[in-house]
Amino acid sequence: GGAAPAPGTTGSGGVLGSDPQMPVGPNACAPRVPQRLVLLSDLQHAKSVSSALGEAARDPGLQVSADTKPFSQKGLVVSTSLVHDRLDQAQYAAKSLDTRFTEVTGCPVAGDAACARGFLERFTERAFRRAVSSVEIDDLMKVFDLGAQTDYVTGVKLAVQAALSAPSFTYRSEVGEADANGTARLTAYELASELSFMLTDAPPDDELRAAAQSGALSSPDERARQVERMLALPAVQESLTKTLMAAWQIANIFGTVKDPGMFPEYSPALQSSMYRETDAFVQAVLWTRNAPVSELLTSRESFVDASLAAIYGVPFTGADRTALAPATLPAERSGLL
């Protein structure tokens, strides 16, 4: 529930795990949840750039979307190539201001330092997904001053590039604030990011950010309301579907090889049908039927095209043999497994 013990302590607000050595029972302490910094995935990073500066700031050559999640490499780690890639993205985003400087910053192309500072305060609060201190803005203004020796726009762009290269942008924190007992709980801003990146792979939207800023997110009722609100958004539903497809490694269908002599029907087209069926099945269970998650493992109601119908031994009722149509599957084919 948003609680993370400080190093060397055990808190009571975590979630019990499956470790047999962990204490159990109503009075037992939950296992400690480590404080950590979390590197944004490529998709989360790209969406964060768009959130901070608009879609034009996002390099279209990256080819990153929710559709790539089931095929993405797990366990992203910092490497030289990743660092250079993200520095390049920061540079691309800053350069995108050339054609829309006043529109984005609210400053004229020959503005003053006060206008630049005001923009950087608003921009970094959104980019860093938290309140920003005056000291942090002072540091960015030093970068601005350096760039402004060339011209005003260059100064702002250089400060933007620095902010998008900062750890506060490319990482999100699960550090929290410690209480008198030494137990740290996630701050409202950290909790907002935790919810948003989990559900949308993107930074908090305006409403969730406002709830964090006002302190309303500290209320369990408000947290539940925000989650319910986001779960009703089509983009969130799509994101969670893709997340589950990635977690279950459904994309591995495309890497499975069968002897074509024994299984001539197992073609790339059939593999694609299997993938599309699973995607449609998950979406239908979770979002169309609003069914319990358990139905993902038990439901016989799915979708087939003509080739899948022949393999499953069910009638195909669609008009287009390549399009998916609803079908009730045999009992041995219940659910995902």
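The sections below set out a description of the structure shown in this document. Please read these numbers as outputs of a predicted model, since none were measured by experiment.

Basis of the calculations
Residues numbered from 1 in each chain as written. Predicted model: local features only at pLDDT ≥ 70, side-chain atom pairs only at ≥ 80, totals over all residues. Heavy atoms only, no water. Helix = DSSP H or I, 4+ residues; strand = E, 2+ residues; numbered from the N terminus. Buried < 20%, exposed > 50% of the residue type's maximum accessible area, 1.4 Å probe, protein only. Contact = heavy atoms within 4.5 Å. Areas by Shrake-Rupley, 256 points an atom, 1.4 Å probe, with all protein chains shown as cover. Core = buried A, V, L, I, M, F, W, Y, C linked by side-chain atoms within 4.5 Å. Axes fitted to C-alpha atoms, helices over the stretch in contact; angles between N-to-C directions. Parallel < 35°, antiparallel > 145°, perpendicular 65-115°, else oblique. Left-handed = near helix turned anticlockwise from the far one by under 90°. Nonpolar A, V, L, I, M, F, W, Y, C, P; charged D, E, K, R; others polar. Disulfide = S-S within 2.5 Å. Patch = residues over 30% accessible without salt bridge, like charges linked within 9 Å, V, L, I, M, F, W, Y side chains within 5 Å. Salt bridge = Lys/Arg side-chain N within 4 Å of Asp/Glu carboxyl O. Pairing = 2+ DSSP bridges. Polar contact = N/O pair within 3.5 Å; in protein donor to acceptor, adjacent residues only side chain to side chain.

### Looking at the overall build of the protein chain
Working step 1: When its secondary structure is counted, the protein chain shows 14 helices and seven strands.
Working step 2: Counting across all 337 residues of the protein chain, residues that qualify as buried make up 41%.
Working step 3: Contacts in the protein chain between residues far apart in sequence, at least 24 positions, make up 58% of those at least 6 positions apart.
Working step 4: Approximately 17,900 Å² of the protein chain is accessible, and the part contributed by carbon and sulfur atoms is 56%.

### Some points on the nonpolar core
Working step 1: In terms of nonpolar packing, the biggest core is built from 29 residues, with Leu 53, Phe 119, Leu 120, Phe 123, Val 156, Val 160 and Leu 164 touching the most fellow members.
Working step 2: Of all the secondary-structure elements, those providing two or more residues to this core are helix H1 (42-53), helix H2 (80-95), helix H4 (113-128), helix H5 (134-148) and helix H6 (152-164).
Working step 3: Of the residues forming this core, the biggest block, seven residues, is contributed by H6.
Working step 4: If sequence neighbours within four positions are ignored, Leu 164 has contacts with Leu 53, Ala 90, Ala 93, Phe 123 and Phe 169.

### Quick word on the packing of H4 against H5
Working step 1: Two elements in contact, H4 and H5, have axes whose closest approach is 10 Å; the angle formed by their N-to-C orientations is 120°. The pairing of H4 with H5 is recorded here as oblique in orientation. As H4 packs across H5, the resulting crossing turns out to be right-handed. Along the contact surface, H4 presents Ala 113, Ala 116, Arg 117, Leu 120, Glu 121, Thr 124 and Phe 128, while H5 presents Ser 134, Glu 136, Ile 137, Asp 138, Leu 140, Met 141 and Phe 144.
Working step 2: Classifying every residue of the contact of H4 with H5 gives eight nonpolar, two polar and four charged.

### Observations concerning the state of the cysteines
Defined simply, a disulfide is a covalent bond joining two cysteines at their sulfur atoms.
Working step 1: Within this structure, the stated rule accounts for one disulfide.
Working step 2: Sulfur-sulfur distance for the disulfide between Cys 107 and Cys 115 comes to 2.0 Å. Because the sign of the S-S torsion sets the handedness, a value of about -105° for the bond joining Cys 107 and Cys 115 places this disulfide among the left-handed ones.

### A look at a nonpolar patch on the surface
Working step 1: Side chains of Val 78, Val 83 and Leu 87 sit close together on the surface and give an oily, nonpolar patch of about 220 Å² of accessible area.
Working step 2: Note on placement: Val 78 falls in the loop between H1 and H2.
Working step 3: Its relative accessible area of 45% is what places Val 78 among the partly exposed residues.

### Thoughts on the pattern of salt bridges
Working step 1: The full count for this structure, using the stated rule, is 20 salt bridges.
Working step 2: With a shortest N-O distance of 3.0 Å, Asp 42 and Arg 86 are connected by a salt bridge. Residue Asp 42 is located in helix H1, and its partner Arg 86 is located in helix H2; the two are separated by 44 residues in the primary sequence.
Working step 3: The exposure class of Asp 42 is partly exposed, given its relative accessible area of 38%.
Working step 4: For Glu 295, the salt bridge is made with Arg 289, and the minimal N-O distance between the two is 3.7 Å.
Working step 5: Of the residues examined, Glu 295 reaches a relative accessible area of 27% and is grouped as partly exposed.
Working step 6: Via salt bridges that share partners, Asp 205, Glu 207, Glu 222, Arg 225 and Arg 229 belong to a single interconnected network.

### Regarding the pairing of strand E7 (residues 325-328)
Working step 1: Burial along E7 is one-sided: Ala 325 and Ala 327 are buried, while Pro 326 and Thr 328, pointing the other way, are not.
Working step 2: Sheet analysis places strand E6 (residues 301-304) next to E7, joined by four bridges and oriented antiparallel. Residue Glu 301 lies in a different strand from E7, and its bridge partner there is Thr 328.

### A look at the side chain of Arg 86
Working step 1: We classify Arg 86 as buried; its relative accessible area is 6%.
Working step 2: At 3.4 Å, the side chain of Arg 86 forms a polar contact with the backbone oxygen of Ser 41.
Working step 3: A polar side-chain atom of Arg 86 sits 3.1 Å from a polar atom in the side chain of Thr 170.
Working step 4: Excluding residues within four positions of it along the chain, Arg 86 makes contact with Leu 39, Leu 40, Ser 41, Asp 42, His 45, Leu 76 and Thr 170.

### Brief notes about the environment of Ala 113
Working step 1: Within the secondary structure, Ala 113 sits in helix H4.
Working step 2: It is 8.6 Å that separates the C-alpha atoms of Ala 113 and Tyr 152, two residues lying 39 residues apart in sequence.
Working step 3: With residues near it in sequence (within four places) discarded, Ala 113 still touches Met 141, Phe 144 and Tyr 152.

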